[in-house]
Amino acid sequence: MQSIGEAFHLALSLVLSGEADLYEIVGLSLQVSLSATLLACALGLPIGALIAVSRFRGRGLVLIVMNALMGLPPVVVGLLVYLYLSRSGPLGFLGLLYTPGAMIFAQTILIVPIVAALSRQVLEDLHAEYAEQFRSLCLTRWQSIGALLWDGRYALLTVGLAGFGRAVAEVGAVIIVGGNIDHLTRVMTTAIALETSKGDLPLALALGIILLVLALGVNAGVQSLRMTAARQAHV
């Protein structure tokens, strides 16, 4: 068995050499997670905005459910998506099971509540600040939502980045619906789990290094956008 030092050395060599299999896995991971994040934002932002500007009976219960859904267990989501996409399931005719499409589907379900809940908080704070101005301008609800989405764009980008960070680090759901098939549905998290169990530590560590760099990059992006938003607020 390789020592830790040897494994790290080989891992760095794999990363720097541009090893084809390694970057194929990284590319698929980014493709799946970015697609899921875009879909989740397309669904979650309007939901969050609508709840932010609306007042209705049962709103408190809706907020409780929305916040609770942020902690959806990935394996449960994966199981439910598997049942729906399996051949005997209601969506089996789509033939998506064990494809990147199924992984995007599962990740989108996991991210939508996060995007909706976080964007709702951001936009509700903005709406409280601008509510009187919107009323004086006689804006409709959807015009108000459009104005809030534009004014809060920097903060909402941090919401999107948070969703992407959640997606790219996910393993439970994607391994159930994707199957971790080599050259088809193998992403960074599932490959790390597999290669570690096989004892191929260099490849697992190389993927771990790239995943860590991505996580740091996302956090740096969030911090940068927050600083930009703060500067814009004081202009």
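These numbers were taken from a predicted model, which means no experiment stands behind them.

A few words now on the side chain of arginine 120. Here arginine 120 is to be found in helix 5 (residues 100-136). What makes arginine 120 buried here is its relative accessible area of 7%. In contact with arginine 120, other than residues within four places in its own chain, are Gly48, Ile51, Ala52, Arg59, Leu63 and Met66.

This next bit is on helix 6 (residues 141-151). The set of residues buried in helix 6 consists of Ser144, Ile145 and Leu148. All buried residues of helix 6 lie within an arc of 100 degrees about the axis, which places them on one face of the element. Relative to its buried face, helix 6 has exposed residues pointing more than 90 degrees away, namely Trp142 and Trp150. On its buried side, helix 6 packs onto helix 2 (20-53) and helix 5.

On to the UniProt feature "domain: ABC transmembrane type-1" (unreviewed entry) in the protein, then. The UniProt feature table records "domain: ABC transmembrane type-1" (unreviewed entry) at residues 26-222. Between the C-alpha atoms that bound residues 26-222 there is a distance of 21 Å. The span itself is 79% helix and 0% strand.

Between helix 5 and helix 6, whose axes approach to 10 Å, the crossing angle comes to 125 degrees. In terms of orientation, helix 5 lies oblique with respect to helix 6. Judged by the sense of rotation from one axis to the other, the crossing of helix 5 with helix 6 is right-handed. Here helix 5 contributes Leu123, Leu126, His127, Tyr130 and Phe134 to the contact with helix 6, which in turn contributes Ser144, Ala147, Leu148, Leu149 and Asp151. The residue inventory of the contact of helix 5 with helix 6, partitioned by class, reads 7 nonpolar, 2 polar and 1 charged.

A word on the nonpolar core. With 33 residues, the main nonpolar core has Val81, Met103, Ile111, Val115, Leu123, Leu148 and Val177 as its most contacted residues. Elements supplying a minimum of two residues to this core: helix 2, helix 4 (74-85), helix 5, helix 6, helix 7 (153-168) and helix 8 (172-178). For this core, the leading source of residues is helix 5, giving 11 residues. Those residues in contact with leucine 148, other than ones at most four positions away along the chain, are Val53, Leu123, Leu126, His127, Tyr130 and Phe134.

A word on the packing of helix 5 against helix 7. When two helices pack together, their arrangement is given by the angle between their axes and by how far apart the axes lie. Close contact between helix 5 and helix 7 brings their axes to 9 Å; oriented N to C, the two are set at 155 degrees. Relative to helix 7, the element helix 5 lies roughly antiparallel. Where helix 5 crosses over helix 7, the handedness of that crossing is right-handed. Contacts between helix 5 and helix 7 involve Gln107, Leu110, Ile111, Ile114, Val115, Leu118, Ser119, Val122 and Leu123 on the former and, on the latter, Ala155, Leu156, Val159, Ala162, Gly163, Arg166 and Ala167. Among the residues forming the contact of helix 5 with helix 7, the class breakdown is 12 nonpolar, 3 polar and 1 charged.

We now examine the side chain of histidine 127. Looking at where histidine 127 falls in the secondary structure, it is placed in helix 5. Under the relative-accessibility criterion, histidine 127 is labelled buried at 17%.

Conventions used here
Residues numbered from 1 in each chain as written. Predicted model: local features only at pLDDT ≥ 70, side-chain atom pairs only at ≥ 80, totals over all residues. Heavy atoms only, no water. Helix = DSSP H or I, 4+ residues; strand = E, 2+ residues; numbered from the N terminus. Buried < 20%, exposed > 50% of the residue type's maximum accessible area, 1.4 Å probe, protein only. Contact = heavy atoms within 4.5 Å. Arc of directions from axis to C-beta. UniProt positions renumbered as here; feature names shortened; annotations may be inferred. Axes fitted to C-alpha atoms, helices over the stretch in contact; angles between N-to-C directions. Parallel < 35°, antiparallel > 145°, perpendicular 65-115°, else oblique. Left-handed = near helix turned anticlockwise from the far one by under 90°. Nonpolar A, V, L, I, M, F, W, Y, C, P; charged D, E, K, R; others polar. Core = buried A, V, L, I, M, F, W, Y, C linked by side-chain atoms within 4.5 Å.

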